[in-house]
Amino acid sequence: MEFRNVLDFEVIPAEVLARDPSFKTTSILINAGAQSGVQRDLPVIDNQGLVGKVIEAFPEYSVVQMLFDPGFKVSGLVQRTRVAGLVVWKGGQVLELQYVPSNSEVQEGDEIVSGPYTAVAKLL
């Protein structure tokens, strides 16, 4: 992947080793672990954005909690207005930005970012 040429931070490449084929599980196993520099709570991204975070790093592999896990939460920022909130999974392919002040200027199509990583979602 060409992440290293695009991003301003260190990237540890990894591939998925295992996942539930029915997509009922909310975690995956990747082939990068502590020996590669992976640590608990590191974000996991792909070429489209944030997909989860490391919840356990073993020497040669790690367990990743996916973004679409009911217990996964991440801070989010409306890129256009810099309004902050909390991105949580609502079911299916739906994420919600919660705890945003009611007088905030948030519009359809606004990109939500999480840290320096990438867009999490677009508001619908």
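Conventions we followed
- Residues numbered from 1 in each chain as written.
- Predicted model: local features only at pLDDT ≥ 70, side-chain atom pairs only at ≥ 80, totals over all residues.
- Heavy atoms only, no water.
- Pairing = 2+ DSSP bridges.
- Helix = DSSP H or I, 4+ residues; strand = E, 2+ residues; numbered from the N terminus.
- Axes fitted to C-alpha atoms, helices over the stretch in contact; angles between N-to-C directions.
- Buried < 20%, exposed > 50% of the residue type's maximum accessible area, 1.4 Å probe, protein only.
- Polar contact = N/O pair within 3.5 Å; in protein donor to acceptor, adjacent residues only side chain to side chain.
- Contact = heavy atoms within 4.5 Å.
- Core = buried A, V, L, I, M, F, W, Y, C linked by side-chain atoms within 4.5 Å.
- Patch = residues over 30% accessible without salt bridge, like charges linked within 9 Å, V, L, I, M, F, W, Y side chains within 5 Å.
- Areas by Shrake-Rupley, 256 points an atom, 1.4 Å probe, with all protein chains shown as cover.
- Salt bridge = Lys/Arg side-chain N within 4 Å of Asp/Glu carboxyl O.
- pLDDT = per-residue confidence, 0-100.

1. A closer look at the sheet that holds strand β3 (residues 43-46)
For step 1, the next point in the chain: The strand order across the open sheet formed by five strands is β1-β2-β5-β4-β3, and the pairing between neighbours is antiparallel. At either end of the open sheet lies a strand with only one pairing partner, and these are β1 (16-18) and β3. With direction set aside, neighbouring strand axes in the sheet form an average angle of 45°.

2. Details of the side chain of S62
For step 1, the next point in the chain: Mapped onto the fold, S62 is located in strand β5 (residues 62-66).
For step 2, the next point in the chain: Owing to a relative accessible area of 0%, S62 belongs among the buried residues under this scheme.
For step 3, the next point in the chain: Within polar-contact distance, the side chain of S62 engages the backbone oxygen of A32 at 2.7 Å.
For step 4, the next point in the chain: Setting aside its immediate chain neighbours within four residues, S62 contacts I28, L29, I30, A32, G33, V38, V54, E56 and A57.

3. Overview of the environment of V64
For step 1, the next point in the chain: The residue V64 is located in strand β5 in this model.
For step 2, the next point in the chain: Residues within four places of V64 in sequence aside, it is in contact with T26, S27, I28, I30, V44, G52, K53 and V54.

4. Details of the nonpolar core
For step 1, the next point in the chain: Ranked by size, the top nonpolar core spans nine residues in total: L50, L67, F72, V74, V78, V83, V87, L97 and I112.
For step 2, the next point in the chain: The residues touching V74, leaving out its near neighbours within four places in the chain, are L50, G85, L86, V87 and S114.
For step 3, the next point in the chain: Ranked by size, the runner-up nonpolar core spans eight residues in total, among them A32, V38, V54 and V64.

5. As for the pairing of strand β8 (residues 94-98)
Side-chain direction in a regular strand flips from residue to residue, so the side chains alternate between the two faces of the sheet.
For step 1, the next point in the chain: One ladder, built from five bridges, connects strand β7 (residues 84-91) with β8; its direction is antiparallel. For L86, the partnering residue across the bridge sits in β8 and is Q98.
For step 2, the next point in the chain: In textbook terms, the turn of a hairpin is the stretch between consecutive antiparallel strands, and for β7 and β8 this stretch comprises two residues, one of which, G92, has a positive phi near 60°.

6. Some points on a nonpolar patch on the surface
For step 1, the next point in the chain: A surface patch of nonpolar side chains, about 260 Å² in accessible area, is lined by L17, F58 and Y61.
For step 2, the next point in the chain: With respect to the element layout, F58 can be found in the loop between β4 (49-57) and β5.
For step 3, the next point in the chain: What makes F58 partly exposed here is its relative accessible area of 30%.

7. So, the confidence of the model for the protein
For step 1, the next point in the chain: For the protein, per-residue confidence averages 81 on the pLDDT scale, and 81% of positions sit at 70 or higher.
For step 2, the next point in the chain: Predicted confidence is poor over residues 1-5, with pLDDT under 50, and the contacts of this stretch with residues over four places away or in other chains come to six contacts.

8. Here we look at the pattern of salt bridges
For step 1, the next point in the chain: This model, assessed by the stated rule, comprises four salt bridges.
For step 2, the next point in the chain: Put simply, R80 and D110 hold a salt bridge, and the shortest N to O gap is 2.9 Å. Of this pair, R80 sits in the loop between β6 (73-78) and β7 while D110 sits in the loop between β8 and β9 (111-114), and the two are 30 residues apart along the sequence.
For step 3, the next point in the chain: Linking K90 and E96 is a salt bridge whose minimum nitrogen-to-oxygen distance equals 3.9 Å.
For step 4, the next point in the chain: Take E96: its relative accessible area is 32%, and that puts it in the partly exposed class.

9. Quick word on the pairing of β5
For step 1, the next point in the chain: The element β5 is extensively covered by neighbouring structure, given that four of its five residues are classed as buried.
For step 2, the next point in the chain: Bridging between strand β2 (residues 27-30) and β5 involves four bridges; their strand directions are antiparallel. Residue pairing in the sheet places I28 in a bridge with V64 of β5.
For step 3, the next point in the chain: The hairpin turn running from β4 into β5, its antiparallel successor, is four residues long.

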